[in-house]
Amino acid sequence: MLTPAAVSRYVAALGNGGKVYNLMIVDSITSPEGDIISQRSPVLLHEFGEGDPVRQAQVEEYLSYILAGMEGVVDESGTAAKYFRNWDYRNDVCAKTGTAEVTTIDLENNAWFVALTPRQEPEIAIVSFIPNGLAGAQATRAARDFIGFYLDEKAKTNE
């Protein structure tokens, strides 16, 4: 069984060249006065193709194909196309929809959506999971809204 947190680690690894880091919910603790009491740094757990130059070259090639495919998820023919059509940041997103079948009884499938942004040098990985959400594309809205907020705020700081 996969959790959204575990999926986010591997989606992030797709965008950073294959480095899988530990997952931290809290990276620092600050006092009410703003002093840093405790600070944590990410720890590299695994790197795709680690220690094998041939495999590392293959990883880089395969990652480029995977990311190119993820770009197509939000374009005109992708599985999430209707949710990203005419959206300002569509060209800044690599994504994947997923539908996980639950059971054969009367329950809807689970909906998954993962994304990386910005497309060229990803800074964030997003995972949206909706239990009994019917289909993967249904999980796009929250991720799209968060990406829009993130990129809007980033644009403000770059002005």
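Per-chain numbering applies: the sequence of each chain, read as written, is numbered from 1 onward. For a predicted model such as this one, the threshold for reporting local features is a pLDDT of at least 70, and the threshold for listing and counting side-chain atom pairs is 80 or more; totals across whole chains, interfaces and linings nevertheless cover every residue. The basis for the side-chain values is all heavy atoms of the structure; hydrogens and waters are excluded.

Participant: Even after reading the chapter, I still don't get the confidence of the model for the protein, so can you show me in this structure?
Facilitator: Caution is warranted with low-pLDDT regions, since their predicted coordinates should not be read in detail. The quantity called pLDDT is the predictor's confidence in a given residue, expressed from 0 to 100. Mean pLDDT for the protein: 85, with 96% of residues reaching 70 or above. Within the protein, the lowest mean pLDDT, 83, falls on strand 5 (residues 94-100), and the highest, 92, falls on strand 3 (residues 36-39). A run of H or I in DSSP counts as a helix once it spans at least four residues, and a run of E counts as a strand once it spans at least two, with each numbered from the N terminus.

Participant: Would you take a moment to explain the packing of aromatic side chains for this structure?
Facilitator: We call Phe, Tyr and Trp rings a pair once their centres come within 6.5 Å, taking the six-membered ring for Trp, and we label the pair stacked below 30 degrees between planes, edge-to-face above 60, and tilted otherwise. Counted by the stated rule, this structure contains 4 aromatic pairs. Ring geometry for Phe84 versus Trp87: centroids 5.3 Å apart, planes at 80°, classification edge-to-face. An identical accessibility class is assigned to Phe84 and Trp87; each is buried. Relative to Phe129, the ring of Trp112 has its centre 4.5 Å away and its plane inclined at 50°; by these criteria the two rings are tilted. Type-normalised accessible area, obtained with a 1.4 Å probe on protein chains alone, sets the label of each residue: buried when under 20%, exposed when over 50%, and partly exposed for intermediate values.

Participant: I would appreciate a short explanation of the side chain of Thr140 in the present structure.
Facilitator: Within the element layout of this structure, Thr140 appears in helix 4 (residues 140-157). Its relative accessible area of 0% is what places Thr140 among the buried residues. Throughout, a contact is declared for two residues whenever any of their heavy atoms are within 4.5 Å. In this structure, Thr140 is in contact with Ala80, Tyr83, Phe84, Thr97 and Phe113, ignoring residues within four places of it in sequence.

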